[in-house]
Amino acid sequence: MSSPESSAVRVRFAPSPTGYLHIGGARTALFNWLYARHRGGTFILRIEDTDDARNSEQAIAVILEGLKWLGLDWDEGPTAANPAGPSRGERGPYFQSQRHAIYRRHAEALRERGAVYEKEGALWFRMEREAITLHDLVCGEVTRTLTDREAADPDFVIVRSDGKPVFHFVNVVDDLEMGITHVLRGEDHLSNTFKHVALFRALGAPPPQYGHIPLILNQDGSKMSKRDTGASLETYLKDGFVPEAVVNYLCLLGWSPKDDSQVMPVTEIIRRFDVPQILRANARFDFAKMQWMNYEHLRCLPLAQLRELATPHFRAAGIELGAFDTAYVEAALHTAQEKVRQITGLPAFCRFYFTDDVAPDTEAAAALTSARRPAVKALRDALEKLEPFSDAAIEASLKAAAAEAGIKPRDLVQPVRVACTGALVGPSLYHLMAILGRERTLRRLDGAIKRMVS
């Protein structure tokens, strides 16, 4: 249970909808979400869409889809009747483009206090001339002194001549209006924070506590660009990664659980996550480790979730899993769960479960030799009367048929596998035959027996 103090924690993720969702942005959202959940607080999603020239509806959709896929649910948002105001339980998010009246009100408040002035049609903020010291939750104590050029003219625009507010101003106003207590964001925003602190002071409000998260770098130490492998969250959606695996790996990029823990469920990460454990050093992104983490989660995934995640990939391969019994689908997927590295590999690996077209390619067909025809035929006849039609009983029947034919079981396994699946490799043969069932298995063995001619 959270204490009254912990329940007051309010954090936000405030992306600009100008392109894809970078893995660094996703990690920022994750850290804020984890901190809110750990402290029993509130996580707010705020879209910073005041730049009409750069924003796009498609980019907004990418952000929302990515956060939902990761499981990062936000806690409040505006209502249709009051698009600028909060309502806990609504799904939001907030859009800055719908909050201009709020920004005008605060701009007037600054004007009344003499903290701003007009120049060339724009509204300028009178920046503090003295050094500002910030106690950053991650970076420690940071003091910013003005350069010679800044000392001569440190003021900056908060409302453009066209009446549109700029990032620094709306960022501070929204954090003030929404009662944000902690701002966890990328280290690249650290230099902006001194302006934000000055704005808070001018508005007569204490600033939130800031924590600037170090950057995510490539393995060679270079900054990740959108062209680098793994830089876009969309990569993981399209390539069949498990969301929990991506969350697990991202949390380890810049946060330490204080032991050697690697693979952790989200519930465990929430329990252990806290801001003091965010590391000061830049994180190095390792795509191979991300793939390893994905496999570790994939092989333990609940079957219902595996089926849900696999469905769109099977659909893309021309297979509708919804046309089959749920128990059958989950049993089939379970046989492949530890055999593939990513969910995208399931359709090819498991296709034989969902189609009767299992004609082998040239290499696989080579296993259907006439020399093995008597043993396959004997197994087929035994399976027709086998009770129960279980994996253990099928294994015993195959070994008996191989012994009667004077061959090793593995010499019979190969042609039977090709007969049932059309491939030389696949899930455990006895389990897959039991899942296929007697009728499908016999039909496929009959087809293979016809092929096994000299």
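Remember, it's a predicted structure, so these values are computed and weren't measured experimentally.

**Student:** Would you mind showing me how to read the pairing of strand β1 (residues 10-13) here?
**Tutor:** The two faces of a sheet get side chains in turn, since along a regular strand they alternate between them. Taking every second residue as pointing to the same face, both faces of β1 are buried, with R10 and R12 on one and V11 and F13 on the other. Both β1 and strand β2 (residues 42-47) contribute to a ladder of four bridges, which runs parallel. Considered in β2, the bridge of F13 is made with L45.

**Student:** How should the pattern of salt bridges be read in this particular structure?
**Tutor:** Pairs can form between side chains of opposite charge whenever their charged atoms are close. Under the definition given, this model contains 30 salt bridges. In this structure, the salt-bridge partner of R438 is E387, at a minimum N-O distance of 2.9 Å. Taken together, the residues span a long stretch of sequence, with R438 in helix α19 (residues 429-451) and E387 in the loop between α16 (373-384) and α17 (391-405) at a distance of 51 residues. On the accessibility criterion, R438 (23% relative accessible area) is partly exposed. Looking at E387, the relative accessible area reads 62%, which means it is exposed. One network of salt bridges, in which partners are shared, links R12, R46, E48, R99, D174 and D175.

**Student:** Would you explain helix α2 (residues 23-39) in this entry?
**Tutor:** Because an α-helix packs 3.6 residues into every turn, residues spaced three or four apart end up facing the same way. Relative to the 24 Å expected for 17 residues at 1.5 Å per residue, α2 spans 24 Å between its end C-alpha atoms, a close match to the ideal helical length. By the criterion of burial, α2 is predominantly enclosed, with 15 of the 17 residues buried. Taken from the residues just after α2, G40 is the one with a positive phi, measuring 70 degrees.

**Student:** Would you explain the packing of helix α12 (residues 303-316) against helix α13 (residues 326-336) in this entry?
**Tutor:** A pair of packed helices is captured by two measures, namely the crossing angle of their axes and the spacing between those axes. In the contact formed by α12 and α13, the axes pass within 10 Å of each other and the chain directions differ by 90 degrees. As judged from the angle between their axes, α12 and α13 are roughly perpendicular. Within the contact between the two elements, α12 uses L303, A304, L306, R307, A310 and F314 and α13 uses T326, V329, E330, L333 and H334.

**Student:** I'm lost on the sheet that holds β1 in this one. Help?
**Tutor:** Picture the strands of a sheet paired through backbone hydrogen bonds; they go either parallel or antiparallel. Taken in spatial order, the three strands make up an open sheet running β1-β2-β5, and their pairing is parallel. Looking at strand neighbours, the two that pair on one side only are β1 and β5 (94-95), the edges of this open sheet. This element, helix α3 (residues 57-70), spans β1, β2 and β5 of the sheet and lies at about 160 degrees to β2.

Conventions used here
- Residues numbered from 1 in each chain as written.
- Predicted model: local features only at pLDDT ≥ 70, side-chain atom pairs only at ≥ 80, totals over all residues.
- Heavy atoms only, no water.
- Buried < 20%, exposed > 50% of the residue type's maximum accessible area, 1.4 Å probe, protein only.
- Helix = DSSP H or I, 4+ residues; strand = E, 2+ residues; numbered from the N terminus.
- Pairing = 2+ DSSP bridges.
- Salt bridge = Lys/Arg side-chain N within 4 Å of Asp/Glu carboxyl O.
- Expected span 1.5 Å × (residues − 1).
- Axes fitted to C-alpha atoms, helices over the stretch in contact; angles between N-to-C directions.
- Parallel < 35°, antiparallel > 145°, perpendicular 65-115°, else oblique.
- Contact = heavy atoms within 4.5 Å.

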